[in-house]
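Close look at the chain arrangement
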Amino acid sequence: MKHFTSVHDIGNPDIALKEAFEIKQNVFKYNTLGKNKTLLAVFFNSSLRTRLSTQKAALNLGMNVIVLDVNQGAWKLETERGVVMDGDKSEHILEAIPVMGAYCDIIGLRSFAQFESKQDDYEEKILNQFINYSGKPVFSMEAATRHPLQSFADLITIEEYKKVERPKVVLSWAPHPRSLPQAVPNSFAEWMNATDYDFVITHPEGYELDPRFSGNARIEYNQEKAFEGADFIYAKNWAAYADPNYGKIISKDRAWTVDSAKMSLTNNAYFMHCLPVRRNMIVTDEVIESAQSIVIPEAANRVISAQVVLKKLLEDNYSEG
Ligand code: AN0
Ligand code: CP
């Protein structure tokens, strides 16, 4: 694995899961693998979990860690080529990226969809520039279209909590006051489609995801019907994907908020969300505080998914083998 940007890079998810559970048993087992190797974690957007869990994973592997919040103290970056840089942007990303690459061995990147150009977002323009110009292995800490470290942690969590071999997993849209990227639901769908779970997506009409991500998932526009018999409810808001509404909010309907009445339709389902979550928009206090809510162990598994990925990047790119 040279870079990690999606489920397709990890290989067989069953083997990745085995590695995850091996690491979870003893997170310090490989604590010299990353000796004298430096992780640079670059954030264009805010983060609590990804920032902390990725650093913890790197420290568990004996790596050194540098974190850069691009919007707090670095120069404002131009991303378009050919622009006369007479505005407020002092540096071009085409110099900034190889410079960052010169100071580290592995780069983690968080760069959300900007909702200015669907094409730029869905071609992963920023992530691919890091891959092409840094000279270093790059992994996604949520890019424009995917959040694979989150989805991997979600898969680990479902495997830990599932009571039947083939659980019914429901990804449910829920309302939110601001436009959010499709990265989390896209990526979750992609990882769920790589398993043989019974996977259903429910959302209001107009919130269809890119079919390259939703794949063969069953789409159910009636949320209550979707919840029937579910073993896991995975709530998330996203802005519209389909034209002409790309990046727009077309509903804030709180009839879609996950509440106890809807959870009672399920097979005593566990409640999941990647966090941060807005209470009483996405999910009621009662549901997120219930015994069936596994959002905290889900977040804790972010260390494990990051550690599997960093271990693979170290082994495949730097092992003297
Ligand atoms: C981001 C999103 O929806 O992509 C990050 C989630 C991990 N959420 C917010 O910006 C609130
Ligand atoms: N779930 C997740 O990625 O959280 P942060 O945005 O806080 O990193």
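Everything discussed here concerns the structure shown above.
1. Quick notes on helix α4 (residues 93–102)
Turning to α4, its buried residues are I93, A96, I97, M100 and G101. When α4 is viewed along its axis, its buried side chains cluster within an angular range of 135° and face the same direction. Packing partners of the buried residues in α4 comprise β1 (38–43), β2 (64–69), β3 (77–78), β4 (91–92), β5 (106–110) and α6 (125–133).

2. Some thoughts on the sheet that holds strand β6 (residues 138–140)
What the four strands build is an open sheet, ordered β2-β1-β5-β6; its pairing is parallel. What marks the edges here is a single partner per strand, and that holds for β2 and β6. If you compare each strand with its neighbour and ignore which way they point, the axes differ by 20° on average. The pairing of β5 with β6 spans three bridges and is classified as parallel. Considered in β6, the bridge of G108 is made with F139.

3. A word on the pattern of salt bridges
The tally for this structure, following the rule as stated, stands at 17 salt bridges. E159 is the salt-bridge partner of K162, the closest N and O atoms lying 3.1 Å from each other. The network of salt bridges with common partners includes E19, K311 and E315.

4. Examining unusual backbone geometry
Here the amide bond leading from D243 into P244 is cis, since omega sits at 5°, within 30 degrees of zero. That bond from L275 to P276 is cis: its omega, 5°, falls within 30 degrees of zero. Within the fold, P276 resides in the loop between β11 (270–272) and α12 (285–288). Of note in this structure, F115 is not a glycine but carries a positive phi near 60°. Inspection of the secondary structure puts F115 in the loop between β5 and α5 (118–122). Although it is not a glycine, E124 sits at a positive phi angle of roughly 55°. For E124, the location among the structural elements is in the loop between α5 and α6. With a relative accessible area of 8%, E124 lands in the buried category.

5. As for the packing of aromatic side chains
Two numbers describe a pair of aromatic rings. These are the distance of the centres and the angle of the planes. Applying the stated criterion to the full structure yields 13 aromatic pairs. Aromatic side chains F44 and F130 sit 6.3 Å apart centroid to centroid with 85° between the ring planes, which places their arrangement in the edge-to-face category. With a gap of 86 residues between them, F44 in the loop between β1 and α3 (49–60) and F130 in helix α6 connect regions that are remote in the sequence. Summarising the burial analysis for this pair, F44 and F130 share the class buried. Arranged with centres 3.8 Å apart and planes meeting at 15°, the rings of F188 and Y234 form a pair that is stacked. Residue F188 is found in helix α8 (residues 183–193), and its partner Y234 is found in strand β10 (residues 232–236); the two are separated by 46 residues along the sequence. The pair formed by F188 and Y234 is uniform in burial state, with each residue classed as buried. In this arrangement the basic side chain of K118 is found over the ring face of Y241, its NZ or CZ atom lying 3.8 Å from the centre. Across from the ring centre of Y30, 4.5 Å away, lies the NZ or CZ of K311, which sits over that ring.

6. Notes on the pairing of β1
The buried count for β1 comes to six of six residues, which makes it a mostly enclosed element. Burial along β1 is two-sided: T38, L40 and V42 and L39, A41 and F43, pointing in opposite directions, are all buried. As paired strands, β1 and β2 are joined by six bridges and run parallel to one another. Its bridge partner lying in β2, A41 is registered against V67. Following the backbone out of β1, through α3 and into the adjacent parallel β2, one traces a crossover that is right-handed. In the sheet, β1 pairs with β5 via five bridges, with the strands oriented parallel. Bridge pairing in β5 links L39 to I106.

The rules we used
Residues numbered from 1 in each chain as written. Chains lettered and ligands numbered in written order. Predicted model: local features only at pLDDT ≥ 70, side-chain atom pairs only at ≥ 80, totals over all residues. Heavy atoms only, no water. Buried < 20%, exposed > 50% of the residue type's maximum accessible area, 1.4 Å probe, protein only. Helix = DSSP H or I, 4+ residues; strand = E, 2+ residues; numbered from the N terminus. Arc of directions from axis to C-beta. Contact = heavy atoms within 4.5 Å. Pairing = 2+ DSSP bridges. Axes fitted to C-alpha atoms, helices over the stretch in contact; angles between N-to-C directions. Salt bridge = Lys/Arg side-chain N within 4 Å of Asp/Glu carboxyl O. Phe/Tyr/Trp six-rings, centres within 6.5 Å; stacked < 30°, edge-to-face > 60°. Lys NZ or Arg CZ within 6 Å of the ring centre and 35° of its normal. Right-handed = clockwise from strand over helix to strand, strands pointing away.

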